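# Structural overview
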Amino acid sequence: MESDSFDAFCDFCRENFNECSPWAGGVYTATRIRSIASLMTSRAQGCSMCRLILVPTNIGFLGHDHVTFELGHSDRFPNVLELRFRPSSVEGTPSGICKWIDLIRINSVTYPTIRQLPHQSTWSRQTRTQASRWITECRDRHQLCKSHVPEAKGQITRLPTRLIDVGTMSRPYARLVHTSNLSSETQYMTLSHCWGQTSSLVLRKHNFPTFIADISSELPIMYADAIQVTRELRVQYIWIDSLCIIQDSKEDWQYESAQMDKVYSNSRCTIAGAMSKNSNEGLFFDRAVPAATPCKISCTWDPNYPETFLCYDDSPWIDLEFGPLYSRAWVVQERLLSPCMLLFADDQVYWECSELIASDSCPSGLPVLIHRLKSTWSSVVQCQPLPLGNIVPATEAEPSLSRPNAELGENAIERLMDAWAYIVSAYTYGGLTVPSDKLVAISGLARQIRKVLDAEAEDYLAGLWRYQLARQLLWSSSNQAESKQVRAPSWSWSSVDGWVTPVFLEILEYATTRLDYWLDTIVILQASTYPIADPFGPVSGGHLLVQGPICRIKRPTESVKDPHWWRNAHTLFTTKEGILNLGNTQCSWSIDNLSPDKVEVDSVYLMPSAVVRFARRVLRGETSSTSGIAKTAPIKDSTPRLDSSLERNVGGLAMVKMLALKGQYQRIGAFKLTHKGAQANLGKAISARTLREEDYLEFDGSESYTIKIV
């Protein structure tokens, strides 16, 4: 049932929106308390807001007998309100973190069509019809999606080596076929799923004949469901990695894994088992209760100016993005390379393509306010090159360090590199069953970036790019997970296990900040890696030749028995020698390489590599603040401006020296200084010239040293 009328609300929820104006002076209205039992009763009686609050994940989260509610301004987005709620005692004492419902003015966004989803399977006839409509409209009407279809580029579709033929509705089967005899116009689906720890049906050398005959009776439920979806969407073939790559053939796996960018980007659509942990869990779920859907309400805080709000809970989408499927590192590549994706969750089916994020309950589009990885990728990679002026001039040291596509401008390259940092962050958040796949599982995306840059293969450096390389070196791994094998040079994020983020997270927070200026304080004279075979795959090593300021921190006497004393930031930055006293509160310190090999352990070397300042986007009518968005009444003129009151930051690399090798280092981490006093202390330490002759390759006589990082 589709509805454009106003939704039903219980008395309690209506009072929240009509008697307690969020514009009346304070940040939030007074806290109001309600019992869980009362919420459940109102939900059963048809209150749209209570139904939205009591989604299954929130019921477990609330836990307590009572809930507190507050209405106020969003900390995340301007001109958006939030109804915050959290578990509490009967007296109203809150406990735990809060969740929220976003209230978005309907006159500022296109109000989506809302469809009620009853008690039924998540793959109903209605959903199948909608899925088919999404796929057709994406291919035929979405300009951005159409622009990167091979036919639109004048390219011939390259099929995967093997596909699964799914038969027809009247004659269903599942058998492996070689694509050499198929037309290049053949359409196929792809599957993105979790393998899990349990064994499942996979293609091997010994069972190849069985796969060519028919394997429909042996299929795990995930594969059977995916094949059913493929048939019902009238597509003849599907590609499933475990069924189409010979898993016990190293040669076949290496070849096929290098084709992933083509496999997913040329598919008709990718089917994603978003909430299934392994192949023994299927795509379809039965809803125990009707799915929660957005609702709308008219508020009369000012009788002369009634306002209409869309009430939307984005937690199901967030739960999906942090669910089982997206815990796999491989899926980031599968998600971004696919032209479109059907995501099968436990509450409903979702849709994602370059122009639309939707769901079965909101088929015309979700009002998702969080940043979208897919649209970021599409806007900077799948669009036409932007003629934004001259490229960064080449340096005398190595002209190839600045050799991007001549049609791309400096701003476009900066956007591309920031987008790559965001992709790396999303990618490394997921896990890999085989750690040596670190570079392989993102190689398809790297190939696409290379095409946009019109770059050479050697411009890709084990997960980093030659363009703006000094900026890309400032990454950190908050997990401090120790890599069990050497698979990349220490300056590449691919050398460590764990979640990697930029030292300056602000480049990822597009909604609240923008870069004011970035000044590199180092010069990269050489940059090389040594690929084993594929230039976008594993490497045996690499090096940087870097020129810039450095200071040396000696091990304090109280840590003489600790060979890895630098792991403790307090020990490092409060040395009794007084060479450098930065203080924990003034320095963000991240150790990534917990066990560097064959290094000196009595000193750590700091190389500041960038001076940076970010400005926060604020709206006219807001108070400039460095501690969050100020809470004031909205003003009609909401033109963005910049708050330039923020202090400058200094970021750099932490290193240890290699044993018996002059001027050669391994990276062990990164640091960020946000306080003027700490920055001044670092400057004094550099001016003190604490390096020994064996610590550098060359010295310019002032403060700049040339070293090698491996």
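Structure: see above.
First things first, this report covers the structure right here in the doc. (Residues numbered from 1 in each chain as written. Predicted model: local features only at pLDDT ≥ 70, side-chain atom pairs only at ≥ 80, totals over all residues. Heavy atoms only, no water.)

### So, the pattern of salt bridges
Within this structure, the stated rule accounts for 17 salt bridges. A salt bridge links R692 to D695, with the nearest nitrogen and oxygen atoms 2.9 Å apart. A relative accessible area of 22% places R692 in the partly exposed class. Because the salt bridges share partners, they merge into one network encompassing E600, K657, R692, E694 and D695. (Salt bridge = Lys/Arg side-chain N within 4 Å of Asp/Glu carboxyl O. Buried < 20%, exposed > 50% of the residue type's maximum accessible area, 1.4 Å probe, protein only.)

### Section: a nonpolar patch on the surface
Residues F322, Y429 and W499 make up a contiguous nonpolar surface patch of roughly 320 Å² in combined accessible area. With respect to the secondary-structure elements, F322 resides in the loop between α12 (315-321) and α13 (330-337). Residue F322 is classed as exposed on the basis of its relative accessible area, which comes to 52%. (Patch = residues over 30% accessible without salt bridge, like charges linked within 9 Å, V, L, I, M, F, W, Y side chains within 5 Å. Areas by Shrake-Rupley, 256 points an atom, 1.4 Å probe, with all protein chains shown as cover. Helix = DSSP H or I, 4+ residues; strand = E, 2+ residues; numbered from the N terminus.)

### Here's the deal with the sheet that holds strand β15 (residues 349-353)
One open sheet holds the 8 strands; their spatial order is β8-β7-β10-β9-β11-β14-β15-β16, and the pairing between them is mixed. At either end of the open sheet lies a strand with only one pairing partner, and these are β8 (172-178) and β16 (357-359). Recorded for the sheet is a direction-independent mean angle of 25° between the axes of neighbouring strands. In this structure, strand β9 (residues 188-192) lies alongside strand β10 (residues 237-239), joined through 3 bridges in parallel fashion. Bridge pairing in β10 places Y188 opposite Y237. Where helix α5 (residues 125-141) meets the sheet, its contacts fall on β11 (269-273), β14 (340-344), β15 and β16, and the angle it forms with β15 comes to roughly 0°. Packed onto the sheet, helix α8 (residues 221-232) meets β7 (162-167), β8, β9, β10, β11 and β14 and runs at close to 70° relative to β7. (Pairing = 2+ DSSP bridges. Axes fitted to C-alpha atoms, helices over the stretch in contact; angles between N-to-C directions. Contact = heavy atoms within 4.5 Å.)

### Some thoughts on the sheet that holds strand β13 (residues 307-312)
By way of backbone hydrogen bonds, the strands of a sheet pair with one another, either parallel or antiparallel. What the 6 strands build is an open sheet, ordered β2-β3-β4-β5-β13-β12; its pairing is antiparallel. Where the open sheet ends on each side, the last strands, each with one partner, are β2 (32-35) and β12 (295-299). Each neighbouring strand pair of the sheet contributes to a mean axis angle of 30°, computed without reference to strand direction. The sheet strands contacting helix α2 (residues 36-44) are β2 and β3 (66-73), and the helix crosses β2 at an angle near 75°.

### Quick notes on the layout of surface pockets
The volume enclosed by the second largest pocket comes to roughly 730 Å³. Residue lining of the second largest pocket: 25 residues in total, with W195, R328, W330, T433 and V434 positioned closest to the centre. For the lining of the second largest pocket, a count of residues per class yields 10 nonpolar, 9 polar and 6 charged. (1 Å grid on protein atoms, 1.4 Å probe; cavity = no way out; pocket = protein on both sides within 12 Å on 5 of 7 lines; lining within 4 Å. Points joined across faces, edges and corners; volume = space filled by probe spheres on them. Nonpolar A, V, L, I, M, F, W, Y, C, P; charged D, E, K, R; others polar.)

### Things to note about α5
Taking 1.5 Å per residue, 17 residues should reach 24 Å; α5 reaches 24 Å between its end C-alpha atoms and fits that length. By the burial criterion, the buried members of α5 are T127, Q130, A131, W134, I135 and C138. For α5, the buried positions fall inside an angular range of 135° around the axis, keeping them on one side. In α5, those exposed residues whose orientation departs by more than 90 degrees from the buried face are R125 and R141. (Expected span 1.5 Å × (residues − 1). Arc of directions from axis to C-beta.)

### Quick notes on the packing of aromatic side chains
Two measures describe an aromatic ring pair: the distance that separates the ring centres and the angle between the ring planes. The full count for this structure, using the stated rule, is 21 aromatic pairs. Aromatic pair W134 and W351: ring centres 5.8 Å apart, planes at 25°, arrangement stacked. In this pair, W134 sits in helix α5 while W351 sits in strand β15, placing the two residues 217 residues apart along the sequence. It is R32 that lies over the ring of F12; its NZ or CZ is 4.4 Å from the centre. Its guanidinium or amino end placed over the ring of W518, R471 lies 4.6 Å from that ring's centre, counting from NZ or CZ. (Phe/Tyr/Trp six-rings, centres within 6.5 Å; stacked < 30°, edge-to-face > 60°. Lys NZ or Arg CZ within 6 Å of the ring centre and 35° of its normal.)

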